[in-house]
Amino acid sequence: MVNSGTDKFAPVKWRALAMALDMDPKICSEMFSHPNILWRRKTYLIRRVIRRGLREFEGLRARTTINFQPQWNSFAENSVALDRDGYVFVENFLTDSDFEILKDNWPKNRYFTPVTPNEDHKTSDKGLYCQHEKPGFDVGRNPVIYGLYKMFMSKNFRDEVTVLCGDDVARMPYHLLVQNSFWGSGLAPHRDSHDDVLKSKINFIYFVESNGSGWDAGGTAILKSNDFTKPIFIPFNLNNSCLFYYSESELFHGFPMIKFGKYRKNVIAHFCAS
Ligand SMILES: [Fe+2]
């Protein structure tokens, strides 16, 4: 049985398995105290209650049926670059028509868990988790996102991830979610933790839509250090583009606090050996 909300299915188990390491406490402190983030942290409870109420209300209304089967543009030709650099950035990730459908059906705020009171390094709203290919939300209320998740889970997509990685390792998407970022949202540069359960990890950050570019609007960068002084790569186009990077890399990833008036909508897909 699935739930119409997101709170009950918060990914406690996976949060514990995939931790952010080697962050700069000063950057975390700045992100923690940004005025918009401070405001959102302080109003977390009321936001959560309102969003839950809106979801309950929406549950009384009839569902709309959309059979979304998105197609992606092939990315496996970037295998050499991924092997060389440990990351790859591609544009036009989905076909144009499917990208438009996804933009037009992006989930309402009510499906996102607000920034929590103690959050200090990953200050975006998050929701619609799918853990180990099991959706923790009512797929009938967000059929377009579930259609996108099914694309990530499909054999053809997984086969292309294997070709991209060039290592004959079969992978599956063990952790999927959507994020909304806004003025003040940031991601403190960090490395991802290693663990004994999930191996051969590669992460996809699919930038769906933004009204800005690069670091103005949440372009997650690949960095040499745990601050923003030594960027290796900063994605400029945050509309229908995707950054792939090896999670077990020695490189850091993160983005500085988003500028006033800018926003970013994205999907995260974490793959590991299946
Ligand atoms: Fe990370």
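Before reading on, note that the structure itself is shown above.
As the structure is a prediction and not an experimental result, all values here were calculated from the model.

> Outline the sheet that holds strand 12 (residues 252–255), listing residues and values.
Remark on secondary structure: sheet strands pair via backbone hydrogen bonds, oriented parallel or antiparallel. The strand order across the open sheet built from five strands is 1-7-12-9-10, with neighbouring strands paired in antiparallel fashion. This sheet does not close on itself; its edge strands, each paired only once, are strand 1 (20–21) and strand 10 (231–233). Two strands pair when backbone bridges link them, and strand 1 and strand 7 (residues 187–192) are joined in this way by two bridges, in the antiparallel orientation. When the sheet's bridge partners are listed, A20 is paired in strand 7 with D192.

> Describe helix 3 (residues 35–42), naming the residues involved and giving the relevant values.
One turn of an α-helix holds 3.6 residues; hence residues three or four places apart share an orientation. Among the residues of helix 3, I37, R40 and R41 are the ones counted as buried. The buried residues of helix 3 all sit within an arc of 100° when viewed along its axis, so they share a single face. Away from its buried face by more than 90 degrees, helix 3 exposes P35, W39 and K42. Considering only its buried residues, helix 3 is in contact with helix 2 (25–33) and helix 4 (44–58).

> Can you explain the pairing of strand 2 (residues 87–91)? Please cite residues and give values.
With respect to burial, strand 2 is a largely interior element, four of its five residues being buried. In this sheet, strand 11 (residues 241–246) lies alongside strand 2 in antiparallel orientation, the contact comprising five bridges. Note on strand 11: the bridge partner recorded for F89 is L243.

> Tell me about the environment of R41, and please be specific about residues and values.
Inspection of the secondary structure puts R41 in helix 3. Residues R41 and D120 lie 79 residues apart in sequence; the distance between their C-alpha atoms is 9.8 Å. Here R41 is in contact with V115, P117 and E119, once residues within four sequence places are set aside.

Criteria and cut-off values
Residues numbered from 1 in each chain as written. Predicted model: local features only at pLDDT ≥ 70, side-chain atom pairs only at ≥ 80, totals over all residues. Pairing = 2+ DSSP bridges. Helix = DSSP H or I, 4+ residues; strand = E, 2+ residues; numbered from the N terminus. Buried ≥ 20, exposed ≤ 12 C-beta atoms within 10 Å, placed from the backbone. Arc of directions from axis to C-beta. Contact = placed C-beta atoms within 7 Å.

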